[in-house]
Amino acid sequence: MEALLTAVLSDFSTFSIFSFSGLIIGLALIILGSVVHAVYSKRSSFTGDSLTSAAIFIIIVGLVIFVIALLGCIATRKESARGLFIYMVILIIIITIEIAVAIAGYAMRDQITNKIQETIAKDMKENSTHEALDDLQKTFKCCGSEGPDSWNNTIWGGQHKNSVPDSCCKEFSTGCGANYTTHRSTIYDSGCVTALKSWALHYVWAFGGAIIAFAVIELLGLMLSYCVAKSIRAQYTQTA
């Protein structure tokens with residue numbers, strides 16, 4: 001198998017393709033991290049800063065991969081076995097970091113969902129105004145932490161008997177949340193904790209899956225770089 005790979009890679013064209021793929025992966029990670037950061041930063045008051053920090057870290061990893069892939073291209077072009085071995089060592093470190101980040105994201109899922117539940121409940125009970133929750137309810141088409149009745153035992157609920165914020169209404173209009181029990185069908189019935197948890201976990205799984213997929217591709221590139229470096233060293237040994 002190794003002899004076959006060495007023969008296929010004799011002109012280094014295959015590894016050059018994977019080095020170029022590394023440049024694409026680096027850019028993809030930068031874009032992925034930027035998107036995740038943009039998405040979660042809008043809801044960080046409810047989800048916490050864990051995922052936005054992870055997104056920034058992935059952007060940095062993407063930049064490093066881009067530079068390392070460029071190094072791999074240069075090392076291949078110059079037929080430098082030493083350069084390729086350095087490339088391999090750094091790539092091993094990057095793959096390890098990526099897997100660790102994916103595992104950490106999976107491990108933090110309970111922390112994120114608990115933070116969501118705690119923050120929404122605290123915001124409802126302690127504040128008389130709810131700009132962030134209003135935006136959340138409109139965006140996710142939900143009402144209260146566990147449903148419309150969640151507003152009853154809050155400061156806001158004490159000031160507005162038998163009412164929910166107008167942002168809970170399926171068709172928004174001023175005062176549409178008053179006396180909601182008489183027209184519950186016009187009010188969002190699902191709670192925002194469940195809606196925001198589903199949203200956050202969707203991105204956690206997508207984020208982790210993308211990282212693992214990139215790590216697998218990079219692992220294949222690592223195997224190819226080993227074969228190329230070995231082939232270069234063998235050529236120099238024969239000509240020496």
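Refer to the structure printed above.
Predicted model only: the values in this text are computed from it and were never measured.

1. Side note on the side chain of Gln 137
Right, on to step 1. With respect to the secondary-structure elements, Gln 137 resides in helix 7 (residues 131-140).
Right, on to step 2. Taking relative accessible area as the criterion, Gln 137 reaches 0% and is therefore assigned buried.
Right, on to step 3. A distance of 3.2 Å separates a polar atom in the side chain of Gln 137 from a polar atom in the side chain of Trp 151.
Right, on to step 4. Apart from the residues lying within four places of it in its own chain, the contact partners of Gln 137 are Cys 142, Cys 143, Gly 144, Trp 151, Pro 165, Ser 167, Cys 168, Tyr 188 and Cys 192.

2. A closer look at unusual backbone geometry
Right, on to step 1. Even without glycine at this site, Asn 162 takes up a positive phi of about 55°.
Right, on to step 2. At Asn 179, a residue that is not glycine, the phi angle is positive and equals roughly 50°.
Right, on to step 3. Looking at the element boundaries, Asn 179 is found in the loop between helix 8 (155-159) and helix 9 (192-239).
Right, on to step 4. Residue classification places Asn 179 among the partly exposed positions, given a relative accessible area of 41%.

3. Overview of the packing of aromatic side chains
Right, on to step 1. Applying the stated criterion across every chain, the model contains two aromatic pairs.
Right, on to step 2. For the pair Phe 140 and Trp 199, a centre-to-centre distance of 5.7 Å together with 80° between the ring planes defines the contact as edge-to-face. In this pair, Phe 140 sits in helix 7 while Trp 199 sits in helix 9, placing the two residues 59 residues apart along the sequence. Neither residue differs from the other here; Phe 140 and Trp 199 are each classed as buried.

4. Quick notes on helix 6 (residues 109-126)
Right, on to step 1. An ideal rise of 1.5 Å per residue puts 26 Å on 18 residues; helix 6 measures up with 26 Å between its terminal C-alpha atoms.
Right, on to step 2. If you check which residues of helix 6 are buried, you get Ile 112, Thr 113, Ile 116, Thr 119, Ile 120, Asp 123 and Met 124. Along the axis of helix 6, the buried positions cluster into a sector of 130°, meaning they face one direction only. For helix 6, the exposed residues lying more than 90 degrees away from the buried face are Glu 118 and Lys 125.

5. Thoughts on the pattern of salt bridges
Right, on to step 1. Applying the stated criterion across every chain, the model contains two salt bridges.
Right, on to step 2. With a shortest N-O distance of 3.1 Å, Arg 184 and Asp 149 are connected by a salt bridge. Within this pair, whereas Arg 184 is found in the loop between helix 8 and helix 9, its partner Asp 149 is found in the loop between helix 7 and helix 8, the two being separated by 35 residues in sequence.
Right, on to step 3. For Asp 149, a relative accessible area of 41% corresponds to the partly exposed category.
Right, on to step 4. Across the salt bridge formed by Arg 184 and Asp 189, the nearest N and O atoms sit 4.0 Å from each other.
Right, on to step 5. In this structure Arg 184 comes out as partly exposed when scored by relative accessible area, which is 33%.
Right, on to step 6. The exposure class of Asp 189 is exposed, given its relative accessible area of 56%.
Right, on to step 7. Salt bridges here are not isolated pairs; linked through shared partners, they connect Asp 149, Arg 184 and Asp 189.

6. Focus: the environment of His 183
Right, on to step 1. If you trace the backbone, His 183 turns up in the loop between helix 8 and helix 9.
Right, on to step 2. You can call His 183 partly exposed: its relative accessible area is 22%.
Right, on to step 3. Ignoring anything within four residues of it in the chain, the contact list for His 183 reads Cys 176 and Ala 178.
Right, on to step 4. At a separation of 3.3 Å, a polar atom in the side chain of His 183 contacts the main-chain carbonyl oxygen of Asn 179.

7. Brief notes about the state of the cysteines
Right, on to step 1. All told, the structure shown has three disulfides when counted by the stated rule.
Right, on to step 2. Covalent S-S linkage joins Cys 142 and Cys 192, the inter-sulfur distance amounting to 2.0 Å. One quick way to see it: the torsion about the S-S bond of Cys 142 and Cys 192 is about 95°, and its sign makes the bridge right-handed. Pair noted here: Cys 142 is in the loop between helix 7 and helix 8 and Cys 192 is in helix 9, with a separation of 50 residues, a long-range link. You'll find Cys 142 and Cys 192 in the same group, each marked buried.
Right, on to step 3. Each sulfur in the disulfide pair Cys 169 and Cys 176 lies 2.2 Å from the other. Between Cys 169 and Cys 176, the S-S dihedral sits near 115°, and the bridge is therefore right-handed. The residues Cys 169 and Cys 176 share a single accessibility class, namely buried.
Right, on to step 4. Sequential numbering of the bridged cysteines in the protein chain gives the disulfide pattern 1-6, 2-3, 4-5.

Rules of the game
- Residues numbered from 1 in each chain as written.
- Predicted model: local features only at pLDDT ≥ 70, side-chain atom pairs only at ≥ 80, totals over all residues.
- Heavy atoms only, no water.
- Helix = DSSP H or I, 4+ residues; strand = E, 2+ residues; numbered from the N terminus.
- Buried < 20%, exposed > 50% of the residue type's maximum accessible area, 1.4 Å probe, protein only.
- Polar contact = N/O pair within 3.5 Å; in protein donor to acceptor, adjacent residues only side chain to side chain.
- Contact = heavy atoms within 4.5 Å.
- Phe/Tyr/Trp six-rings, centres within 6.5 Å; stacked < 30°, edge-to-face > 60°.
- Expected span 1.5 Å × (residues − 1).
- Arc of directions from axis to C-beta.
- Salt bridge = Lys/Arg side-chain N within 4 Å of Asp/Glu carboxyl O.
- Disulfide = S-S within 2.5 Å.

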